[in-house]
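Summary of the model geometry
Listed below, chain by chain, are the residues.
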Amino acid sequence: MTGRPRTPVRIGILGAGFVADFYLRALQHVRGHEVTVLAARSAERGAEFAQRFGIPTVVGTTTELVQRDDVDLVVVALPHDLHVPIVAEIAAAGKAVICTKPLGRNSAEAAECLRLVRDAGVWHGYAETEVFAPGLVKAKQLVDSGAIGDVVSVRAREAHGHPHEHARNAERMGGGPLRGLGCHCVAIGRWFLGYDHTPVEVLAWGDRLARTDVTTEDTATAIVRFDDRRVVQVEVGWNHIAGLDVRNEIHGTAGWIGTDETGETGVRAFAGRSAGYVMEKAGAATGWITPVPDEPWVYGYHGEMAHFIECFLAGEQPRQTFVDGVIDNAVIDAAYRSIETGTWSPVDLSDI
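Summarised in this report is the structure supplied together with it.

Calculation notes
- Residues numbered from 1 in each chain as written.
- Predicted model: local features only at pLDDT ≥ 70, side-chain atom pairs only at ≥ 80, totals over all residues.
- Heavy atoms only, no water.
- Helix = DSSP H or I, 4+ residues; strand = E, 2+ residues; numbered from the N terminus.
- Rg over C-alpha atoms; globule rule 2.2 N^0.38 Å.
- Buried < 20%, exposed > 50% of the residue type's maximum accessible area, 1.4 Å probe, protein only.
- Contact = heavy atoms within 4.5 Å.
- Pairing = 2+ DSSP bridges.
- Axes fitted to C-alpha atoms, helices over the stretch in contact; angles between N-to-C directions.
- Polar contact = N/O pair within 3.5 Å; in protein donor to acceptor, adjacent residues only side chain to side chain.
- 1 Å grid on protein atoms, 1.4 Å probe; cavity = no way out; pocket = protein on both sides within 12 Å on 5 of 7 lines; lining within 4 Å.
- Points joined across faces, edges and corners; volume = space filled by probe spheres on them.
- Nonpolar A, V, L, I, M, F, W, Y, C, P; charged D, E, K, R; others polar.
- Core = buried A, V, L, I, M, F, W, Y, C linked by side-chain atoms within 4.5 Å.
- Disulfide = S-S within 2.5 Å.
- Expected span 1.5 Å × (residues − 1).
- Parallel < 35°, antiparallel > 145°, perpendicular 65-115°, else oblique.
- Left-handed = near helix turned anticlockwise from the far one by under 90°.

**A closer look at the overall build of the protein chain**
The secondary structure content of the protein chain amounts to twelve helices and 15 strands. Here the protein chain has a C-alpha radius of gyration of 20 Å; the compact-globule value for 352 residues is 20 Å, and the two agree. With the principal axes as the frame, the protein chain shows a C-alpha extent of 55 × 50 × 45 Å. Within the protein chain, the proportion of its 352 residues that are buried is 55%. Counting contacts in the protein chain only where the partners sit at least 6 residues apart, residues at least 24 apart contribute 71% of the total.

As structure tokens, then:
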């Protein structure tokens, strides 16, 4: 990336679904940008988003969006089975790109996305929200201050009982919750152990224990061993019917840190009638509920978008790039191989 980008950066959004809604809600609180265009397959959905978020232009295809002169940076808010061809179009148009997680259905697809942006020489950010979540950012500050000594291990859990329709399709997903949720857990572990250390092998177990609407695992655990013998423990599942369960533990030689993004929201209510939308993947809208006051903030969408725009305008590499998307996917690939063999499986990082 050469030269200093214009201010404000002009953003095009690909998608008008669940994730795009979170990105746009977060961007309302971020400076230095303007959303100039939205691409949506559904004209009705696109028009609704445009009106709600003050977006002046709606188009129907990626091609129309990336060819516009009023777009500097494209945010991909679409399922990951579409990422490779879409990143190819964005890179060919010379646009910078932020892509949602996971970067691909496997490390090969993620590596192809990385190759495309590298060959085109465009700026790229990988939108892994967890490393921008306020609770985890504070935990990292405590770790960096030496409050818990040296980090020995990390345990990361993400589970719920309500996967999106495309996530239940193994072909589109590239797996089950280990792929879609496990990428968050791997990213958290890598961040706290330090990016100067490399994941080398994985021992994993996964099975379909309860769900009849999927062909993949619905529950999985994995131990990721790094080059210095420390480990990250990953726990994921689609059987947590109570709703979204996101918890992390960082264990150190002189202390411990725990985070809970969904269980301790600061709000408790008993709804005798339906409360409507309570939170992402909520298990119920009546009875005892724990609404999240501002989900984009709590889950890290505000933080990541502010960071990406700041880095883009400064011409700097962001905290998460497509390289991280490749590494996280490679770890998940190794986990799936381990499930098949019942043994430790090496992490192949040869595509980076």
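**Quick notes on the sheet that holds strand S10 (residues 231–237)**
An order of S12-S11-S7-S10-S9-S8-S15 is seen for the seven strands of this open sheet, with the pairing classed as mixed. Two strands close off the open sheet at either side, each with one partner strand: strand S12 (255–260) and strand S15 (345–346). Judged from the eight bridges that link them, strand S7 (residues 151–159) and strand S11 (residues 245–252) form a sheet pairing that is antiparallel. Paired with Val154 across the strands is Ile250, a residue of S11. Against the sheet, helix H6 (residues 134–145) engages S7, S11 and S12, with an angle of about 170° to S12.

**Considerations on the environment of Thr63**
Its location among the elements puts Thr63 in helix H3 (residues 62–66). Taking the C-alpha atoms as reference points, Thr63 and Glu89, 26 residues apart in sequence, are found 7.0 Å from one another. Among the polar contacts made by the side chain of Thr63, one reaches the side chain of Glu89 at a distance of 2.6 Å.

**Quick word on the layout of surface pockets**
Take a probe with the size of a water molecule and roll it over the atoms, and the empty space left behind shows itself. Considering only enclosed or pocket space, the largest pocket measures out at about 1,100 Å³ in volume. Taken together, 49 residues make up the lining of the largest pocket; nearest its centre are Val19, Ala77, Leu78, Pro79 and His166. Elements supplying a minimum of two residues to the lining of the largest pocket: helix H1 (18–27), helix H4 (83–92), helix H7 (170–173) and helix H8 (177–180). Among the elements that make up the lining of the largest pocket, the one with the highest residue count is H4 (three residues). Grouping the amino acids of the lining of the largest pocket by side-chain chemistry returns 24 nonpolar, 15 polar and ten charged. Each pocket or cavity is described by its volume, and for the second largest pocket that value is around 280 Å³. If you go around the second largest pocket, you meet 20 residues; those closest to its centre are Ala242, Gly243, Met279, Gly283 and Thr290.

**As for the sheet that holds strand S2 (residues 33–39)**
If you trace the six strands from one edge of the open sheet to the other, you get S3-S2-S1-S4-S5-S6, paired in parallel fashion. Either end of the sheet is taken by a strand with one partner, and the two such strands are strand S3 (57–59) and strand S6 (124–127). On average, each strand axis in the sheet is inclined to that of its neighbour by 25°, with strand direction left out of account. Both strand S1 (residues 9–14) and S2 contribute to a ladder of six bridges, which runs parallel. Across the sheet, residue Val9 finds its bridge partner in S2, namely His33. Running over the sheet, H1 touches S1, S2, strand S4 (73–76), strand S5 (96–100) and S6 and is turned about 160° from S1.

**What about the nonpolar core?**
Within the largest apolar cluster, 41 residues are counted, with the highest numbers of intra-cluster contacts made by Phe192, Val202, Val234 and Ile250. Elements represented by at least two residues in this core include exactly H6, S7, helix H9 (182–193), strand S8 (199–207), strand S9 (219–226), S10 and helix H12 (322–341). The dominant element in this core, judged by the number of residues it contributes, is H9, at seven residues. Ranked by size, the runner-up nonpolar core spans 40 residues in total, among them Val30, Ala50, Ile98 and Ala271.

**Let's talk about the state of the cysteines**
Summed over the entire model, instances satisfying the criterion amount to zero disulfides. Just so you know, Cys113 is unpaired, no disulfide at all, and the nearest cysteine sulfur is the one on Cys99, 6.0 Å from it. Its relative accessible area of 0% is what places Cys113 among the buried residues.

**Points about helix H5 (residues 107–120)**
In this model, H5 (14 residues) spans 20 Å end to end at C-alpha, consistent with the 20 Å of a helix rising 1.5 Å per residue. For H5, the secondary structure elements touched by its buried residues are H4, S5, S6 and H12. The distance from a side-chain oxygen at the start of H5 to the backbone nitrogen of Ala108 is 3.1 Å, and the residue carrying that oxygen is Asn106. Once H5 ends, the next one or two residues include Gly121, with phi positive near 70°.

**Digging into the packing of H1 against helix H2 (residues 43–53)**
For the pair H1 and H2, the least separation of the axes is 11 Å and the interaxial angle reads 15°. Compared by their axis directions, H1 and H2 come out roughly parallel. As for the relative orientation of H1 and H2, their crossing is right-handed in sense. Where H1 approaches H2, its residues Ala20, Asp21, Leu24 and Arg25 are matched on the opposing element by Phe49, Arg52 and Phe53.

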